[in-house]
Amino acid sequence: MMIGVAGWVGLTGTTDFAEVERLLPGGAATEVVVGAWDGGMPLTDSPQLLLQSVGWVVVAVVLAARFFRWEPRR
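The rules we used
Counting of residues starts from 1 at the beginning of each chain's written sequence and follows it residue by residue. Owing to the predicted nature of the model, reporting of local features is limited to residues with pLDDT of at least 70; listing and counting of side-chain atom pairs is limited to 80 or more, with chain, interface and lining totals taken over all residues. Calculated side-chain values reflect all of the structure's heavy atoms, with hydrogen atoms and water omitted. Put simply, DSSP marks the helices as runs of H or I at least four residues long and the strands as runs of E at least two long, and each gets a number from the N terminus on. Throughout this description, buried means an accessible area under 20% of the type-specific maximum (1.4 Å probe, protein chains only), exposed means over 50%, and partly exposed covers the range between. Expected span, for any helix, means 1.5 Å times one less than how many residues it has. The directions from the helix axis to the C-beta atoms form the arc being described. UniProt positions are given in the numbering used here, feature names are shortened, and annotations may be inferred rather than shown by experiment. Here the axes come from fitting lines to C-alpha atoms, over the contacting stretch only for helices, and the angles between their N-to-C directions go from 0 to 180 degrees. Every angle not falling under 35 degrees, over 145, or within 65 to 115 is termed oblique; those three ranges are roughly parallel, roughly antiparallel and roughly perpendicular. By convention, the crossing between two helices is left-handed when the near helix turns anticlockwise from the far helix through less than a right angle, and right-handed when the turn is clockwise. Here a residue-residue contact requires only that any non-hydrogen atoms of the pair lie within 4.5 Å. For this classification, Asp, Glu, Lys and Arg are treated as charged, while Ala, Val, Leu, Ile, Met, Phe, Trp, Tyr, Cys and Pro are nonpolar and the rest, including Gly, are polar.

## Some thoughts on the environment of Ala 60
- Tracing the sequence through the fold places Ala 60 in helix α4 (residues 46–67).
- Assessed through its relative accessible area of 45%, Ala 60 is described here as partly exposed.
- Along the chain, Ala 60 and Pro 25 lie 35 residues apart, while their C-alpha atoms are 9.7 Å from each other.

If you want it as C-alpha cells, here you go:
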C-alpha cells in the first residue's frame, strides 16, 4: 500500500487531493521528499508532515507489538 501511495503522490503531484494523500501511510513522507527534491515546499508545512509520518510509524510499532508474537531467542 505504501508503494502505491508513494507512486500516486510522486507522479500526480500534491495539489489535487493533498489532504487525502497526507492522511495515507507514506503520503506525508513522500510529500516531504518531493518537496525537498523540487525545492518548492514552504518550511511551515514540514513540521506537520513530519509529525504525520512519525504518527504512522508509532501506529505501525503498536500494531506490530500487539499482533505479532515474538518467540524468545535461545
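Further notes follow.
## Quick notes on α4
- Over its 22 residues, α4 extends 32 Å from the first C-alpha to the last, a length consistent with the 32 Å expected when each residue adds 1.5 Å.
- Residues Ser 46, Leu 49 and Ser 53 constitute the buried set of α4. Each buried residue of α4 lies within a common arc of 80° when the element is viewed along its axis, so the set occupies one face. In this structure, α4 carries Pro 47, Leu 51, Val 62 and Arg 66 as exposed residues pointing more than 90 degrees from its buried face.

## A word on the UniProt feature "transmembrane region" (unreviewed entry) in the chain
- In the UniProt entry, the feature "transmembrane region" (unreviewed entry) is given for residues 49–68.
- What you have in residues 49–68 is 95% helix and 0% strand, and the ends, taken at the C-alpha atoms, are 28 Å apart.

## Structural notes on the packing of helix α3 (residues 27–38) against α4
- Viewed as axis vectors pointing N to C, α3 and α4 meet at an angle of 140°, and their least axial separation amounts to 8 Å. Relative to α4, the element α3 lies oblique. As α3 runs across α4, the sense of the crossing is left-handed. In contact with Ala 28, Ala 29, Glu 31 and Val 32 of α3, α4 contributes Leu 49, Leu 50, Gln 52 and Ser 53.
- Across the contact of α3 with α4, the residue classes tally to 5 nonpolar, 2 polar and 1 charged.

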